[in-house]
Each structure stands twice: as C-alpha cells, then as structure tokens.
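# Reading the structure
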Protein chains: 2
Amino acid sequence: MARRASAPATDDLDARKATILEAVVSEHIDTNQPVGSSSVASSAELGVSPATVRSEMVSLEREGYLAQPHTSAGRIPTDKGYRYFVDHLSSGVLGAAQQHQVRDFFATVRGEVEDVLEQTSTLLSQMTSYTAVVVAATHAHASILSAQLVNIDARHQLLVTVFSDGSVVKHSLTPPYDVDFETCAEASRQLNALLIGTTLETLVQVPSRHDHVAHLVRDAVAALHAQQPATDGDRVFIGGSSRVADSFDGVETVRKVLSILEQELLVVTLVQDMLDRGLSVAIGTENGFEPLSTCAVVVAPVTIDGAPAGAVGLLGPTRMKYQEAMAAASAVSQHLARHFGGDEEHAHH
Amino acid sequence: MARRASAPATDDLDARKATILEAVVSEHIDTNQPVGSSSVASSAELGVSPATVRSEMVSLEREGYLAQPHTSAGRIPTDKGYRYFVDHLSSGVLGAAQQHQVRDFFATVRGEVEDVLEQTSTLLSQMTSYTAVVVAATHAHASILSAQLVNIDARHQLLVTVFSDGSVVKHSLTPPYDVDFETCAEASRQLNALLIGTTLETLVQVPSRHDHVAHLVRDAVAALHAQQPATDGDRVFIGGSSRVADSFDGVETVRKVLSILEQELLVVTLVQDMLDRGLSVAIGTENGFEPLSTCAVVVAPVTIDGAPAGAVGLLGPTRMKYQEAMAAASAVSQHLARHFGGDEEHAHH
DNA sequence: GCTAGCACTCGGTAGAATTGAGTGCCAACA
DNA sequence: TGTTGGCACTCAATTCTACCGAGTGCTAGC
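Residues numbered from 1 in each chain as written. Chains lettered and ligands numbered in written order. Predicted model: local features only at pLDDT ≥ 70, side-chain atom pairs only at ≥ 80, totals over all residues. Heavy atoms only, no water.

What follows concerns the overall build of chain A. Looking only at helices and strands, chain A features 12 helices and 10 strands. Taken over C-alpha atoms, the radius of gyration comes to 26 Å for chain A, far larger than the 20 Å a tight globule of 349 residues would show. Expressed as a percentage of the 349 residues in chain A, the buried residues total 49%. Contacts spanning at least 24 positions in sequence make up 60% of the contacts within chain A whose residues lie at least 6 apart. Looking at chain A as shown, the accessible area adds up to about 15,900 Å², and 52% of this sits on carbon and sulfur atoms. (Helix = DSSP H or I, 4+ residues; strand = E, 2+ residues; numbered from the N terminus. Rg over C-alpha atoms; globule rule 2.2 N^0.38 Å. Buried < 20%, exposed > 50% of the residue type's maximum accessible area, 1.4 Å probe, protein only. Contact = heavy atoms within 4.5 Å. Areas by Shrake-Rupley, 256 points an atom, 1.4 Å probe, with all protein chains shown as cover.)

Here it is in structure tokens:
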C-alpha cells in the first residue's frame, strides 16, 4: 500500500485526488446526495475508470476529506473536504442578473443608514437564497457632534447624542428630583461643551458640584459611557431568516439556527470573530457554535477609506454554493462601501 | 331527524353538544391528534355512551364545527369549532411560575423604551413558547419637544427630532450646496421655533425665501412630514421567532410564517386590523393572510391613561393553548401599561 | 498502476397482509 | 323519543417480505 498516506494532513493533494474531491463536493452541493465513483468518473475529465476513482476515494476517506453515510452508499464531503474545496476555489463571478440586481438596488435606495442596511440584508438574502447578515461597526471611534438634554417632564430627561458617523443615540435620565426647564437647558449647554469632539473612549472631566445641574450632567455622561457593554444599539440586520427553513432538513436544526439568529449579540460575535481570524468562510464546527455545526458562514468585510466599517455575511448549510455566496457578499460589500464612502465624499461610517 | 339543525349557525349549541365540542377541542390541542367518540365519552362528565357522542358528532360536523381527516378517524375542530371554543372560554388565570416571571421581569428591567419592548417580546415568547409580537403605537399624536439640525459635513446634515413620547427620529439632508456651520445653526434655530409644540399632523408654515437657510428649513420639514408612509420607525418587536419551527408541522408552513414575520409592516397591519375589529383572537383565515391560515393570533391592547399605546400579541398554531396565551398576553399588556404609565406619573407613550 | 469483473452490502421501494382505532347504522330498550 | 350495545365496515398506519440496484471492496489480469 502507498505509505505516503501516513503523512498527516499535508493539505496538499495529488492533482487527481483534488479533482475527484472537487467533483464530489460540487456534485453533492448540487444534488444533496451521496456521490458515487461512477458519476465522478464520468463527470470529471480524468480519463479513468470508476474503480480507480474508488480506490482514490478510500484514500480520501482515510485522510478525512470524505465520509460514507453507510456502506454501499456514495461519499459525502466532510467539513475538511469542504474546507479544501473553498480553499482551492477560483473566485467566481456574479451572475449577470444579480449584478443588475445589486446595481439597481444601490442606484435607487434612499433613506437613513439603518434603513439602507436593513434593505441590503434583504437584497443579499434574495440574491442568494440564504440568510443574510449585515453588521455595522460600532461608533466607538466616532466623535460626538452634538449632545442635547431634552426635558420630557420634570422627572424625565432624554440625552440625545449625535455622532460624526451620523448615528444618533438616546439615553433616558430619571433623576429623583424635579428638574425645571432652565436647569435642563443649562445642563444641556454644559454637556455640549463637555462632550463635543470627544469619543466614547475619551475620559471626560465632569463637574463635582452638588447642585442639580451638575448632577444631571454627571448622570448623563455616565449613561452615555455606560453603553459599552454588548448590545450597542441596532447594529445588526438580518434578512431572509425564512430561508433557514429550506436550507436545512431537520426541524430541530431549523429551530436551533433560528434560535442563534435571534441572539444578535451572538451573531455579531461570530462575524467579528471570523474577521479577527481572517476567515472569509467558516465551515461547520469552525464557527465555534455547536448548534451551527451544519452551517457554513461566508463573510466579507466592508472597508471605507481604509477603515473597517462593518461586514456582510451569509449563512447557509455546509453544502452551500460557496462561489455564488462569496461573489454576492463581496459585491454587496463593495457597493456598500462605495455607497457610503469615498466617491461621494461622505463621512458616514 | 332533528329538524332544528337547519337553523343556520345560531352559534348557540345544545349544552351537551357544547360539552362535546369543548372536549374535542381541548383534547386535540393537547394531543394534536384526531379525537374519537370513546375518549370524549370517558373524559367529559356526561354519563353517556360513545354511540350517543358519535351521533352528536355527526351533527356537529354537519354544522361545521368539526371535521374528519378521513373516514374512520376521529374528529378535529374546524376554525369555526375553535372560534366557538374561545368564545365560550372562561378567562383562565396565569400560572404561578409565569406570574413570577412577569413580575420579576418588570421589577428589574431597565433601559430605553425600545430595549424594554424588545425584551418584553422575548419574555412573552418564553412564557408561552409561541412567537411574540410587541407593537408600539406611532407617535403621530405626540408633540415635538425639540428639533435640531446637526452639521455632519458641508453636504450632510442630520435633523434630530425628539417627541413628547420620548421617541427620537433622525432624517438625513443632503443639500446640493455647501452649508457652513453658521447656516446650519440658524436653520436649526428656526426649525426649533417652527416645530416645537406641533405634531406630525400639524401643518407648518415654512419660509418661502430663497436663501440657503430657508431651503434647509423647508427640506427638513418636508423630510420630517414625509415619514408617514408605512415603515414609521422601529415600532415592531418580534420575540421567539424560532418557536415557529416547533409550532408547525410542515417545513413549508414554517417558511411561509417566517416569511410573513419578516415583513414587519404586515405584522403591524394584522395586529392593527384585529384591534380595529375588536378581536382579541384571530383563528385561521380570520386573520386575512392566506399563508397564516393554520395560525392563530392572540392580541391584547396596551392602554395607558385611557389612550391606546400599542399591543402585544402571540402567534401560534390554531391548536394553540388559548387560555394560557390570552392570560399571558393580557398580563404582560397590563404590566407594560403600568410600567410606562400612570403609577409612575410618566408621559412616555 | 489501472481496470474489468464479481461478490457483497444495505438503503429504498413496492406490494401484501395485518392491525386497530374509529365510524355509521340498526335494532332493541327504557 | 332518546339512548345504547352490537356489528359490519373503512382506511391510515404498521409490519413483513421480497427485491432491486446503486455502490462498494477486492482481486486477478493486463
């Protein structure tokens, strides 16, 4: 027997094995069925008999690229098999129809950033029939353009903060004493002076006096800076969650995946983690969430003027159409960057 | 044969028929299986033989309350059967565990209105294992407390409007000319003077001059008032959408329902429509959306200081546990009203 | 090293037989 | 007249069997 198979996971396959693996993966993606040796032999252009393919397949199985649902069935790819497949994927081109779709969308879309991103997630989902995720970077580094304290009534004030990236954040204050209009206005003035030009990471020197104005100012600054933890605003947009229903077979899987998608914090963590690790595709267990072990996630970062501004992603079954998904994600990511970035001289995001 | 059956849908049944119908409905809700005459005869306390029950059942079937999946199977309720059931339902009481859950939640919940509502939808979903919907009334009638125009850069301004119900809305302006800081500040001042105290329904007299300030003011007012159509902000919160996966049998149904839930506008329409028609439960086709014909929706309005402030709802299969669902919805609705309303002397919503 | 040939495995399907829950009807009964 | 036990009947679901065939692993020969 060939001894060289003992070299562990060199990740570089024999040209023929590579062809066979790729044939198996793409056929299985198409059909969602185990792939047999004969169909590989005829589809792939290696002039070789099924028997030869078979012996290569057992080798590929030993090395962990393929698996057999049961004896006398064809092979299906393992996560490792998919991984090899996407690593050696020629970057595909977006279909003409979809190119139009993206172009049209960005040519006609209007409205606030949040609306655009929400609709973008729907677009991406429609283009691919997978569930789409759009994540916008936090505005931790954006500077404050305006901070205003509005008197709702004597016991309720609202701090409204506008950031240089165009985002607006509000914080309720409920002081244990009555606040009159003048006090509020004065506090608002002081907050403006104090905060404008700072970022959320800047330390701010708050007044230490004991009057109501100073109290309000302190509470407002505290509320603003306390926002850090986790759920930092509506920065995640999920489109086409109904697609999970036809992406997966078992009802239980569908439930699990939906359940993950509901927790937006998890989603942003997942995407962020992938970006940090420099991954553009996470297959099966690579994504780190056990309930997502039958999923694959494709992400494309959105970069505006060289700075990371967020990411778009797609979630589907491990047997997803990677080329299409990656092409769509990267196209949308680029359009998004152009829409909010450079060519129009924005400062948005 | 009893001729009186020809009276069309008097909707008032013989006491015995009522008992039988109720037994069938509640058993079917429990088991999700057709119910046979013998199990009804033994469970319900009418000392009567299966044969008698059977003859009553054919009558109930003729009148449209029950249906037979096929000959020689038990009966399942029709929408009309469920309707009778809920119409004659003694309003149940919330389980002790759930009472605690609600109480604890509202005792500890903090943060902005939107966050609270979002979390409320999750709470309601967890209490019932159905998908929950929380709808907040629009602020069409709220008056404007503050309107501020912030200069993002020369070509981008942001109109930030604060309403008396505590909501904050932003609108981007992108004038075709450069705006300097002073112009923006002046426009902001004028907008404030113009808009404070008005509602979105108020007609506002805008300046007709042709300078940049007047232009900005006009554009800002136009943007603000244009917002009416449909998607008026993030006023819908959906919790537990993963629950649809185990509420329905067919994958296709799951997809359809999720697909509806994605379109928040449809959801708010549905809920609003039910409130308008004075319905608290919509069963099957009653809700007007064909894809939801196997669903039931329970809603409870949220009323603060006598004014409608929104609604909470639950979506499940027609064989949902109506008593529990209604009790949960109404409890949460009341807590919500108390939380934002009277007892704390808020003006929120 | 490749291939044709071959025996073998085992999931999927089709058909027949069986089961059993439940019905509809009827005749008898109070 | 309303109720009931009895009974024949229906039909989905289950089980069993046989069988097919796609696909494998192995081996002998090219």
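Back to the text.
Residues Gly81, Tyr82, Arg83, Tyr84, Phe85 and Val86 of chain B constitute the buried set of helix H4 (residues 79-87) of chain B. At its buried positions, H4 of chain B is contacted by helix H1 (15-31), strand E2 (76-77), strand E8 (281-283) and helix H12 (322-340) of chain B.

Once that is clear, we can look at the protein's contact with DNA strand C. Near DNA strand C, the surroundings consist of 20 residues, among which Arg16, Thr52 and Ser72 of chain A together with Ser37 and Arg54 of chain B are the closest. Thr52 of chain A has a polar side-chain atom sitting 2.3 Å from a phosphate oxygen of DNA strand C. Contact between DNA strand C and Arg54 of chain B: a base oxygen at 2.8 Å from a side-chain N or O atom of the residue. For the surface near DNA strand C, the elements supplying multiple residues, two or more each, are helix H3 (50-62) of chain A together with helix H3 (50-62) of chain B. Residues belonging to the surface near DNA strand C are distributed by class as follows: five nonpolar, 11 polar and four charged. (Near = heavy atom within 4 Å. Polar contact = N/O pair within 3.5 Å; in protein donor to acceptor, adjacent residues only side chain to side chain. Nonpolar A, V, L, I, M, F, W, Y, C, P; charged D, E, K, R; others polar.)

Now for the confidence of the model for chain A. Residues and elements named next belong to chain A. Put simply, chain A has an average pLDDT of 90, and 92% of its residues get 70 or more. Looking at the elements of chain A, mean pLDDT is at its lowest for helix H2 (residues 37-43), recorded as 92, and at its highest for strand E2 (residues 76-77), recorded as 98. Considering only residues more than four positions removed or in separate chains, one finds that residues 1-9, a stretch of pLDDT under 50, has three contacts. Across residues 343-349 the pLDDT falls below 50, and counting only partners more than four positions away or on other chains, this stretch makes 21 contacts in the model. (pLDDT = per-residue confidence, 0-100.)

Turning our eyes to something else, we now look at the relation of the copies chain A and chain B. Of the two same-sequence chains, chain A is brought onto chain B (RMSD 0.1 Å, axial shift 0.0 Å) by a rotation of 180 degrees. The transformation relating the two chain copies, once decomposed into turn and shift, fits a two-fold axis. Within chain A, Val251 of chain A has its C-alpha nearest the rotation axis, a separation of 3.6 Å. Of all interface residues in chain A, 100% are interface residues in chain B too; the two copies therefore contact each other through one and the same surface. (Least-squares fit on C-alpha atoms with pLDDT ≥ 70 in both.)

Glancing now at the environment of Ala222 of chain A. Note that Ala222 of chain A resides in helix H8 (residues 212-225). Remark: the alpha-carbon pair of Ala222 of chain A and Val204 of chain A, spanning 18 residues in sequence, is separated by 9.9 Å.

Moving on, we come to the interface of chain A and chain B. If you look at the interface, chain A gives 39 residues, while chain B gives 39 residues. The contact between chain A and chain B buries some 3,100 Å² in all, and 57% of this surface belongs to carbon and sulfur atoms. Linking chain A with chain B are four salt bridges. Between Lys170 of chain B and Glu114 of chain A there is a salt bridge whose closest N-O contact spans 3.2 Å. Linking chain A with chain B are 14 residue pairs in polar contact (both at pLDDT 80 or more). No other element matches strand E4 (residues 144-153) of chain A, which puts seven residues into the side of chain A that touches chain B. Each residue belonging to the side of chain A that touches chain B can be placed in one class, and the counts come to 14 nonpolar, 16 polar and nine charged. (Buried area = accessible area lost by both parts, 1.4 Å probe. Salt bridge = Lys/Arg side-chain N within 4 Å of Asp/Glu carboxyl O.)

Residues and elements named next belong to chain B. Tallied over the entire structure, the rule returns 26 salt bridges over all chains. In this structure, Lys17 and Glu63 form a salt bridge, with 3.2 Å as the shortest nitrogen-oxygen distance. Taken together, the residues Lys17 in helix H1 and Glu63 in the loop between H3 and strand E1 (66-67) connect sequence positions 46 residues apart. In this structure Lys17 comes out as buried when scored by relative accessible area, which is 9%. With a relative accessible area of 22%, Glu63 lands in the partly exposed category.

As a further point, take the sheet that holds strand E6 (residues 168-173) of chain B. Residue and element names in this part refer to chain B. With respect to topology, three strands assemble into an open sheet ordered E4-E5-E6, the strand pairing being antiparallel. Strand pairing shows two members of the sheet lacking a second neighbour, strand E4 (144-153) and E6, which therefore form its edges. Between one strand and the next, the sheet's axes are offset by a mean angle of 20 degrees, whatever the strand orientation. In this structure, strand E5 (residues 156-163) lies alongside E6, joined through six bridges in antiparallel fashion. Bridge pairing in E6 places Gln157 opposite Leu173. On the sheet, helix H7 (residues 181-195) packs against E4 and E5 and is oriented at approximately 165 degrees with respect to E4. (Pairing = 2+ DSSP bridges. Axes fitted to C-alpha atoms, helices over the stretch in contact; angles between N-to-C directions.)

It is worth spelling out the protein's contact with DNA strand D at this point. Close to DNA strand D lie 21 residues, the nearest being Ser37 and Arg54 of chain A together with Arg16, Thr52 and Ser72 of chain B. Interatomic distance of 2.6 Å between a side-chain N/O atom of Ser37 of chain A and a phosphate oxygen of DNA strand D. Here a phosphate oxygen of DNA strand D sits 2.6 Å away from a polar atom, N or O, in the side chain of Arg16 of chain B. A breakdown of the residues in the surface near DNA strand D according to their chemical character gives five nonpolar, 12 polar and four charged.

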